[in-house]
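The primary structure of each chain is shown beneath.
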Amino acid sequence: MIELQQLSKTYGKGVAAVEALRDVNLSVHAGEFIAMMGPSGSGKSTCMNILGFLDNPSQGCYRFQDSAVETLSRNQRALLRRHFIGFVFQGFNLLARTTALENVELPLIYRRMPRAERYVRAMAAMAAVGLDGREGHTPAELSGGQQQRVAIARALVTDPALLLADEPTGNLDSARGHEIMALLARLNQERGLTIIMVTHEADIAAYASRVVQFHDGHIQNEVCN
Amino acid sequence: MWWSALSLALREIRRNLLRSTLTMLGIIIGVAAVIIMVTIGNGTTAKISAQIESLGSNMLILRPGQRFLRGSRAAAKPLEASDAEALRRELPSVAAAAGITNKAVTVVYGNNNWTTSVSGTENDYLIVRKWSLARGRLISDGEQRAGASVCLLGATVQRELFGNLDPLGETIRLGKIACEVIGLLVTKGQSAMGSDQDDAILMPLRAHWRLISGQQKVSHIYLSARDDTSKTQRDVALLMRERRHIGPSDADDFSIIDMKEIAKTMTGTTEIMTSLLGAVAAVSLIVGGIGIMNIMLVSVTERTREIGIRLAIGALEREVQRQFLVEAVVLSSVGGIAGILLALIASYFIAGALQVPLVFDSSIILLAFVFSAVVGVVFGYVPARKAARLDPIEALRHE
């Protein structure tokens, strides 16, 4: 599904240039669950941003579902995000003062889905993450684990081809973290959802089928679990 | 998509109700100021027109001397009572003409005295001035010819001399002479120049000559044109030149004032004042717009994370831009509507206090509303553009 070849990303110009990624080669098949690990600044977040069409690479090839997608405009990337990608962020990033259901509905609004259908799908996504009955709560009224479930429901509601999770358990205690990971693993197995996740913790990475180690902007090694 | 942007904007405004209201206040005051200025200005114009109308429509005033030549008036040949008669008799375009002569006289009745303008005039005067009798009777033709000592009282003189007593049939003293009150005139109110038209006593012209002024002259002739004042003006000028033996190459030694022209000048002046005040008020609308821009910029900074989330889940630049633009336009146009309501209420009370008629100009109300919405678009554009251009990665990291 995803092919990265000789992918590089440089920030800044001239002497101030920083090479965040260099010569990254990676292929991901549909249905895989991949964990990216590595110290801070090793390039895993930059790689995630490029994979999720939040950023363009400086050099190299990025093939997504057999199309070259390395040089796209802002709007083209927005449309790819809208139709193919689901994001789960470390900081949950839910809209404050907005109910859980409305948060989950948000991506569907941008897909111009009719209100009734939107409601049905958002309710189904809430049920899938085990939050039925909490639809009317605002993020402030939910625990950290519940907020992250809402974020996962928001990422899932569009049936994305690829779920990107940037340290999804980073803000949670260990027990809640494992609950979230169990949820992601189940979605991967039951729905065949492709997941790429960034994490610092080895026991969280253990849920993935493959672990990719980053170091200094390139992939050091890959280990299959 | 427009509908969801609208409901989103309304929700955002409700969420920050106090701030939104304060932001709208600039527009509310701007719109209200424009409408109030124009409404009161139009009311003043209407009031002045009505006052000039009350002087008598189609009225011309003939007087000796040229208006614009300094000192020539005193030197000019005075008008004669026969001039008024000739104008009445010879010109079909003149409906009525009356010579008049005035003198300020202290009038006494019982213990009361009052100094007022006593006018000797002919019976056509009341026709020209569109003045009618409240009670009593008019001066008869016989009394005019004989110069009988009878008079008609204006409402102010009546009030000052008689209070609640009935003046009809009573005798008042004008200086040294005695004069019988035979009629009372209806109230005419203030003139456009601000003088009290009811502060007057009318008596037969010949009585005035004989008893008060002592000379057989008229200072002005009041004329009423049958229809077109400019044609009448030409006819009167021709006849007067002939009567006063003015050679073809010489200038007029009299002047004719058209009250319609004066009315036009005066209403023109208030109209200019109205547009001027309206323009000044419009500046406050622009200041209100800057207030909206300021708050929208703050709002974009505050909601950077929200914008980041929206962009990350696939909102297009133009969708984010539309969201903020709609919010600004909703703020400004809701402010516009509130301003219109405020203006309607305030104009009602101000017009009552200033005693001017309430003249609502619907085109100004519409224009003020459209302008307030345009202010939203113009001043909402920069903040909306700023929001749309945010980098989603940076925006999501924003604390």
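Residues numbered from 1 in each chain as written. Chains lettered and ligands numbered in written order. Predicted model: local features only at pLDDT ≥ 70, side-chain atom pairs only at ≥ 80, totals over all residues. Heavy atoms only, no water.

Caption draft 1: The arrangement of the sheet that holds strand E7 (residues 162-166) of chain A in detail. Residue and element names in this part refer to chain A. Pairing in this open sheet of 6 strands is mixed, and the strands run E6-E7-E8-E3-E9-E10 from one edge to the other. Only two strands of the sheet have a single partner each, and these edge strands are strand E6 (85-88) and strand E10 (218-224). Ignoring strand direction, the axes of neighbouring strands in this sheet form an average angle of 20°. Of the strands in this sheet, strand E3 (33-37), E6, E7, strand E8 (194-198) and strand E9 (210-215) touch helix H1 (residues 44-51), which is tilted by about 150° from E7. (Pairing = 2+ DSSP bridges. Helix = DSSP H or I, 4+ residues; strand = E, 2+ residues; numbered from the N terminus. Axes fitted to C-alpha atoms, helices over the stretch in contact; angles between N-to-C directions. Contact = heavy atoms within 4.5 Å.)

Caption draft 2: Focus on the domain arrangement of chain B. Domain assignment breaks chain B into domain 1 (2-51 + 267-397) and domain 2 (78-252). The C-alpha-based centres of domain 1 of chain B and domain 2 of chain B are spaced at 57 Å. (Domains from an automatic or database assignment.)

Caption draft 3: Quick look at the sheet that holds strand E1 (residues 2-11) of chain A. Residues and elements named next belong to chain A. Taking strand neighbours across the sheet as the criterion, the 4 strands line up as E2-E1-E4-E5 in an open arrangement whose pairing is antiparallel. Lying at the two open borders of the sheet, with one neighbouring strand each, are strand E2 (18-28) and strand E5 (67-68). In this sheet, E2 lies alongside E1 in antiparallel orientation, the contact comprising 7 bridges. Bridge assignment links Lys9 to a residue of E2, and that residue is Leu21. Contacting E1, E2 and strand E4 (59-64), H1 runs over the sheet at an angle of about 120° to E1.

Caption draft 4: Spatial organisation of the packing of helix H11 (residues 304-312) of chain B against helix H12 (residues 317-354) of chain B. All names here are of chain B. Packing of H11 against H12 leaves a shortest axis separation of 10 Å and a crossing angle of 140°. On the basis of their axis angle, the class for H11 and H12 is oblique. Contact residues: H11 offers Glu306, Ile307, Arg310 and Leu311, while H12 offers Val320, Gln323 and Phe324. Counted by class, the contact of H11 with H12 contains 4 nonpolar, 1 polar and 2 charged residues. (Parallel < 35°, antiparallel > 145°, perpendicular 65-115°, else oblique. Nonpolar A, V, L, I, M, F, W, Y, C, P; charged D, E, K, R; others polar.)

Caption draft 5: Main features of helix H2 (residues 17-54) of chain B. An ideal rise of 1.5 Å per residue puts 56 Å on 38 residues; H2(B) measures up with 52 Å between its terminal C-alpha atoms. The largest bend along H2(B) reaches roughly 30° and is located at B:Met24. (Expected span 1.5 Å × (residues − 1). Bend = angle between axes of the 7 residues up to and from the residue.)

Caption draft 6: Geometry of empty space enclosed by the protein. Residues and elements named next belong to chain B. Scanning the entire structure with this criterion turns up 3 cavities of 30 Å³ or more. The computed volume of the second largest cavity comes to approximately 90 Å³. For the lining of the second largest cavity, the secondary structure elements donating two or more residues are helix H1 (2-15), H2, helix H10 (259-302) and H12. (1 Å grid on protein atoms, 1.4 Å probe; cavity = no way out; pocket = protein on both sides within 12 Å on 5 of 7 lines; lining within 4 Å. Points joined across faces, edges and corners; volume = space filled by probe spheres on them.)

Caption draft 7: Inspection of the nonpolar core at higher detail. Core analysis: the biggest nonpolar cluster contains 79 residues, and A:Ile2, A:Leu4, A:Met36, A:Tyr62 and A:Ile196 have the highest contact counts within it. Looking at this core element by element, the count peaks at 10 residues for H2(B). Those residues within four positions of A:Leu4 in sequence are excluded, and the remaining contacts are A:Val24, A:Asn25, A:Leu26, A:Cys47, A:Leu51, A:Cys61 and A:Tyr62. Counting residues in each nonpolar core, the second largest holds 40 residues, with A:Phe33, A:Met37, A:Ala185 and A:Leu193 among its members. (Core = buried A, V, L, I, M, F, W, Y, C linked by side-chain atoms within 4.5 Å. Buried < 20%, exposed > 50% of the residue type's maximum accessible area, 1.4 Å probe, protein only.)

Caption draft 8: Quick look at the interface of chain A and chain B. Between chain A and chain B, the contact holds 25 residues from the first and 25 residues from the second. With its nearest N and O atoms 3.1 Å apart, the salt bridge here joins B:Arg11 to A:Glu102. Inspection of the region where chain A meets chain B yields 13 residue pairs in polar contact (both at pLDDT 80 or more). Taken together, the residues of the side of chain A that touches chain B break down into 12 nonpolar, 5 polar and 8 charged. (Salt bridge = Lys/Arg side-chain N within 4 Å of Asp/Glu carboxyl O. Polar contact = N/O pair within 3.5 Å; in protein donor to acceptor, adjacent residues only side chain to side chain.)

Caption draft 9: Molecular detail of the environment of A:Asp166. Residues and elements named next belong to chain A. Mapping Asp166 onto the fold places it in strand E7. Considering only alpha carbons, one finds Asp166 and Val88, 78 residues apart in sequence, at a separation of 6.3 Å. For Asp166, the residues in contact, after removing those within four places along its chain, are Ser45, Met48, Val88, Phe89, Gln90 and Val198.

Caption draft 10: Structural view of the state of the cysteines. Residue and element names in this part refer to chain A. According to the stated counting rule, one finds 0 disulfides over all chains in the structure shown. Take Cys47: it sits in no disulfide, and the sulfur closest to it among the cysteines is that of Cys61, at 14 Å. No disulfide involves Cys224; its sulfur sits 17 Å from that of Cys47, the nearest cysteine. According to the relative accessible area criterion, Cys224 is exposed, its value standing at 61%. (Disulfide = S-S within 2.5 Å.)

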